[in-house]
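# Fold and geometry: a report
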Amino acid sequence: GKEAHYFWISTEWLKKWMRDASDIGPINNSELQCPHGRVNFRKITSMKRISPSVWNHLQERYGGGPPLTEEHLCSDCLTTYIVQERDAREGKVKK
């Protein structure tokens, strides 16, 4: 596949790692995923972008995942959201 420019990582996990790296479990990005298993754009405030080299270092050391890159943004969820927003706006206009 295409080489990733960046990886997403859970802000919560990163905060724990910064506080005490000796007592941290594996990376847990599951909270960032939508029902389709891809990046949930609504959780954008719960994640940070990190470089592939930093991701590889953290992943090798702590394990966990799943790896989520710019390729993993869920277009299905985004499309659904846009359609719902448009329909809501049009509904308000019609009334």
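Our structure is the block above this text.
Notes on the structure in this doc start here. Quick caveat, the model's predicted, so the values are computed rather than measured.

### Some details on the overall build of the protein
- A count of helical and extended segments in the protein gives 3 helices and 5 strands.
- Moving toward the C terminus, one meets the helices and strands of the protein in the order β-α-β-β-α-β-β-α.
- Relative to the globule expectation of 12 Å for 95 residues, the C-alpha radius of gyration of the protein, 17 Å, shows a markedly less compact shape.
- In terms of overall dimensions, the protein has a C-alpha envelope of 60 × 30 × 20 Å along the principal axes.
- Looking at the protein residue by residue over its 95 residues, the buried ones come to 31%.
- Only carbon and sulfur atoms are counted for the fraction: they give 52% of the accessible area of the protein, which is about 6600 Å².
- Charge separation in the protein, taken as the distance between the mean sites of 15 positive and 12 negative side-chain charges, equals 8 Å.

### Some points on unusual backbone geometry
- In the segment running from Gly-65 into Pro-66, the intervening peptide bond is cis, with an omega of -5°.
- Mapped onto the elements, Pro-66 comes out in the loop between strand E4 (64-65) and strand E5 (68-69).

### A few points about the side chain of Thr-69
- Within the fold, Thr-69 resides in strand E5.
- Beyond its immediate sequence surroundings of up to four residues, Thr-69 is in contact with Ala-4, Tyr-6, Phe-7, Trp-8 and Val-39.

### Things to note about the nonpolar core
- Among the nonpolar cores identified, the biggest contains 11 residues, and these are Ala-4, Phe-7, Ile-9, Trp-13, Leu-14, Ile-24, Ile-27, Ile-50, Trp-55, Leu-58 and Tyr-62.
- Going through the elements one at a time, strand E1 (7-10), helix H1 (11-19) and helix H2 (52-62) are the ones with two or more residues in this core.
- Considering every element that reaches this core, the biggest residue donor is H2, with 3 residues.
- Setting aside anything within four residues of it in sequence, one finds Leu-14 in contact with Ile-9, Lys-48 and Leu-58.
- Counting residues in hydrophobic clusters, the runner-up holds 6 residues, among them Tyr-6, Leu-32, Val-39 and Leu-68.

### A short note on the packing of aromatic side chains
- Enumeration according to the criterion identifies 4 aromatic pairs in this entry.
- Pairing Phe-7 with Trp-55 gives two aromatic rings, centres 5.2 Å apart and planes at 5°, and the pair type is stacked. Taken together, the positions of Phe-7 in strand E1 and Trp-55 in helix H2 put the pair 48 residues apart, joining distant regions of the chain.
- Residue classification places Phe-7 among the buried positions, given a relative accessible area of 11%.
- Ring centres 5.1 Å apart and planes at 65° place the aromatic pair Phe-41 and Tyr-81 in the edge-to-face group.

Reading the values: rules and limits
- The written sequence of each chain sets the order in which its residues are numbered from 1.
- Where totals are concerned, whole chains, interfaces and linings use all residues; where local detail is concerned, this predicted model gives features only for residues with pLDDT of at least 70, and gives and counts side-chain atom pairs only at 80 or more.
- Side-chain measures were taken over the full set of non-hydrogen atoms in the model, leaving aside hydrogen atoms and water.
- Strands here are runs of E lasting at least two residues and helices are runs of H or I lasting at least four, both read from the DSSP assignment and numbered beginning at the N terminus.
- Each radius of gyration reported is based on C-alpha atoms, and the globular scaling rule is 2.2 Å times the count of residues to the power 0.38.
- Categorising residues by exposure relies on relative accessible area from a 1.4 Å probe, with only protein chains included: less than 20% of the type maximum marks a residue as buried, more than 50% marks it as exposed, and the intermediate range marks it as partly exposed.
- Only the protein chains shown count as cover for residues, and the accessible areas themselves come from Shrake-Rupley with a 1.4 Å probe.
- In summary, the charge assignment counts Lys and Arg as positive and Asp and Glu as negative, without counting His or the chain termini.
- To locate a charge, take atom NZ for lysine, CZ for arginine, CG for aspartate or CD for glutamate.
- Note on contacts: a residue pair is in contact if any heavy atoms of the two residues lie within 4.5 Å.
- Nonpolar cores are built from buried Ala, Val, Leu, Ile, Met, Phe, Trp, Tyr and Cys residues. Side-chain atoms within 4.5 Å join them into one set.
- Stacked, edge-to-face and tilted labels apply to pairs of Phe, Tyr and Trp rings (six-membered ring for Trp) whose centres lie within 6.5 Å, assigned for plane angles under 30 degrees, over 60, and everything in between, in that order.

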